[in-house]
Amino acid sequence: MKDLKYICAYTIPFMAIIGIWLQGIYTYLTPIYAFGLIPILELFTNSSTQNVDDKRKISQSKKRVFDWMLYINLPIVYGLLFYAIFTSTTSNLDTYEIIGIIISLGIVLGSNGINVGHELGHRFTNERYIGKALLLPSLYMHFYIEHNFGHHLNVATKEDPATAGYNQPVYLFWITSTIRQYINAWKIQLKLLKQNNQAFFSIKNDMLCYVFITLLYLTTVTYFFGFLGLLVAFLSGVTGFLLLETINYIEHYGLVRRKTSSGRYERVREIHSWNSNHTLGRIMLYELTRHSDHHHRASKKYQILDHHDKSPQLPFGYPTSMVLSLFPPLWFLIMNKRVPREMKNT
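Quick caveat, the model's predicted, so the values are computed rather than measured.

Comments concerning the side chain of E42
Consideration 1: Of note, E42 is situated in helix 2 (residues 29-43).
Consideration 2: Salt bridges are absent for the buried E42, whose nearest opposite-charge side chain, R282, sits at 9.3 Å.
Consideration 3: Look past the residues within four positions of E42 in its chain and what remains in contact with it is H278, L280, G281, G317, Y318, P319 and T320.

Pasting the structure below:
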């Protein structure tokens, strides 16, 4: 039964379905649940530093149930996407209800879309295609390239757009990270094409394919559901990737890698990502909160990620920390004293 605990991650899209079905003020049920109830529950639930026993890791990593719990998010996300757009465009809803649906859908696109797409994007099989499909509704397919070939290489350095600087407000980070990640993804793509002696207009140009697929997606939505459908799809996508950028913000805030005598950055270690062992947040986000180990061993599946005593620890779980980051003075007051002193002056 412990293996099935990640089913709890489906409660977020479930809340969205209920909210859209009931309409009215209930369209805000998802943000209230994700960033109201869950943070409150995290204050009264235990954290756990326990790791999967070394003898069980191999068997746990091979259990298909953990993979299928990720795959199921594909029909859930796309089913909810259709339901949200269809309801918004065919029901006589007030503006506040449509805004509630956009926010709720955006939260699902971020938590069950991008987050799961991120996990599958690190796999070495056709699972990557599922991962990329989950990135599409958030208009963030380029994340696959920049994250895998950029972020994991440059994390905790000034070259990494997804690493927030010390005293950088989250709202400024949204702008810099979003723009720089997209530019970096193109730079990486062009470099790969050049290395493999491939043309710009080629099926191997993933970035060009992503642009085409995204435009096709938005055009299709517009064709069947009109401008309002496009607005819901676009704004919920923006909400989804801003949710991701908020997670990026709290994952590496203020942490930096030093340069060695050779001029190169020190290797990525467990100290270069903020960790959280709050059980509820871990389950809801498929262990994304054990981010230190993810960067230490990016190919490890979510169910066997470890806690490391060396890793800097967030005082709260990810959902609570995300809410906290939206109030920069309070975030700085709580977090700045936790950033290692030697990193503040780097």
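The structure having been displayed, the exposition proceeds.
Topic: the packing of helix 5 (residues 73-90) against helix 7 (residues 127-135)
Consideration 1: Packing of helix 5 against helix 7 leaves a shortest axis separation of 10 Å and a crossing angle of 20 degrees. On the basis of their axis angle, the class for helix 5 and helix 7 is roughly parallel. The two elements helix 5 and helix 7 meet at a crossing, and its hand is left-handed. For the pair helix 5 and helix 7, contact is made by N73, L74, V77 and Y78 and by I130, A133 and L134, respectively.

A short note on helix 2
Consideration 1: Here helix 2 is 15 residues long and its end C-alpha atoms lie 20 Å apart, about the 21 Å a rise of 1.5 Å per residue gives.
Consideration 2: When the local axis directions of helix 2 are compared, the greatest deviation, roughly 30 degrees, occurs at L37, which is followed within four positions by the proline P39.
Consideration 3: The complete set of buried residues in helix 2 reads T30, P31, Y33, A34, I38, P39 and E42.
Consideration 4: Looking at the buried residues of helix 2, the elements they touch are helix 1 (11-22), helix 6 (95-121), helix 11 (279-284) and helix 13 (318-325).

Quick look at the UniProt feature "transmembrane region" (unreviewed entry) in the protein chain
Consideration 1: In this structure's numbering, the residues bearing the UniProt feature "transmembrane region" (unreviewed entry) are residues 7-26, 32-48, 68-86, 98-117, 207-235 and 316-334.
Consideration 2: For residues 98-117, the end-to-end C-alpha separation is 26 Å, with 100% helix and 0% strand making up the annotated structure.

Examining the packing of aromatic side chains
Consideration 1: Evaluation of the coordinates by the stated rule reveals 21 aromatic pairs.
Consideration 2: Look at Y6 and Y286: their rings are 6.2 Å apart centre to centre, the planes differ by 20 degrees, and that puts the pair in the stacked class. Residue Y6 is located in the segment before helix 1, and its partner Y286 is located in the loop between helix 11 and helix 12 (291-296); the two are separated by 280 residues in the primary sequence.
Consideration 3: Summarising the aromatic geometry, the rings of F82 and F225 are spaced 6.0 Å apart at their centres and angled 70 degrees between planes, so their arrangement reads as edge-to-face. One end of the pair, F82, is in helix 5; the other, F225, is in helix 10 (residues 206-252), with 143 residues separating them in the sequence.
Consideration 4: Put simply, the rings of Y166, F173, Y249, Y253, W331 and F332 pair up and form one aromatic cluster.
Consideration 5: Residue placement shows K132 over the ring face of Y144; its charged tip is 4.4 Å from the ring centre.

A word on the side chain of E245
Consideration 1: Here E245 shows up in helix 10.
Consideration 2: This buried residue, E245, is left without a salt bridge; R180 holds the nearest opposite charge, at 10 Å.
Consideration 3: Of note is the side chain of E245, whose polar atom sits 2.7 Å from the side chain of S177.
Consideration 4: Here E245 is in contact with Y140, F173, W174, S177, T178 and Q181, once residues within four sequence places are set aside.

So, the UniProt feature "domain: Fatty acid desaturase" (unreviewed entry) in the protein chain
Consideration 1: The UniProt feature table records "domain: Fatty acid desaturase" (unreviewed entry) at residues 102-306.
Consideration 2: Secondary structure across residues 102-306 divides into 61% helix and 0% strand, with the first and last C-alpha atoms of the span separated by 35 Å.

Description of unusual backbone geometry
Consideration 1: If you check the backbone angles, L139 has positive phi at about 60 degrees while not being a glycine.
Consideration 2: When you line up the elements, L139 lands in the loop between helix 7 and helix 8 (143-154).
Consideration 3: The exposure class of L139 is buried, given its relative accessible area of 15%.
Consideration 4: A positive phi angle, close to 55 degrees, is found at N197, a residue other than glycine.
Consideration 5: Summarising the element assignment, N197 is placed in the loop between helix 9 (170-195) and helix 10.
Consideration 6: A residue is classified by how much of its surface remains accessible, and N197, at 73% relative accessible area, is exposed.

Things to note about helix 6
Consideration 1: The end-to-end C-alpha distance of helix 6 is 36 Å, a good match for the 39 Å that 27 residues give at a rise of 1.5 Å each.
Consideration 2: Helix geometry: helix 6 is bent most strongly at L109, by close to 30 degrees.
Consideration 3: For helix 6, a buried count of 23 out of 27 residues is recorded, marking the element as mostly surrounded by other parts of the structure.

Quick word on the nonpolar core
Consideration 1: Core analysis: the biggest nonpolar cluster contains 56 residues, and Y6, L105, Y217, Y286 and Y302 have the highest contact counts within it.
Consideration 2: Aside from chain neighbours lying at most four places away, what touches Y302 is Y6, F66, M69, L70, E119, R123, Y286 and E287.
Consideration 3: Counting residues in each nonpolar core, the second largest holds 22 residues, with W174, L243, W274 and L324 among its members.

Conventions adopted
- Residues numbered from 1 in each chain as written.
- Predicted model: local features only at pLDDT ≥ 70, side-chain atom pairs only at ≥ 80, totals over all residues.
- Heavy atoms only, no water.
- Helix = DSSP H or I, 4+ residues; strand = E, 2+ residues; numbered from the N terminus.
- Buried < 20%, exposed > 50% of the residue type's maximum accessible area, 1.4 Å probe, protein only.
- Lys, Arg positive; Asp, Glu negative; His and termini not counted.
- Salt bridge = Lys/Arg side-chain N within 4 Å of Asp/Glu carboxyl O.
- Contact = heavy atoms within 4.5 Å.
- Axes fitted to C-alpha atoms, helices over the stretch in contact; angles between N-to-C directions.
- Parallel < 35°, antiparallel > 145°, perpendicular 65-115°, else oblique.
- Left-handed = near helix turned anticlockwise from the far one by under 90°.
- Expected span 1.5 Å × (residues − 1).
- Bend = angle between axes of the 7 residues up to and from the residue.
- UniProt positions renumbered as here; feature names shortened; annotations may be inferred.
- Phe/Tyr/Trp six-rings, centres within 6.5 Å; stacked < 30°, edge-to-face > 60°.
- Lys NZ or Arg CZ within 6 Å of the ring centre and 35° of its normal.
- Polar contact = N/O pair within 3.5 Å; in protein donor to acceptor, adjacent residues only side chain to side chain.
- Core = buried A, V, L, I, M, F, W, Y, C linked by side-chain atoms within 4.5 Å.

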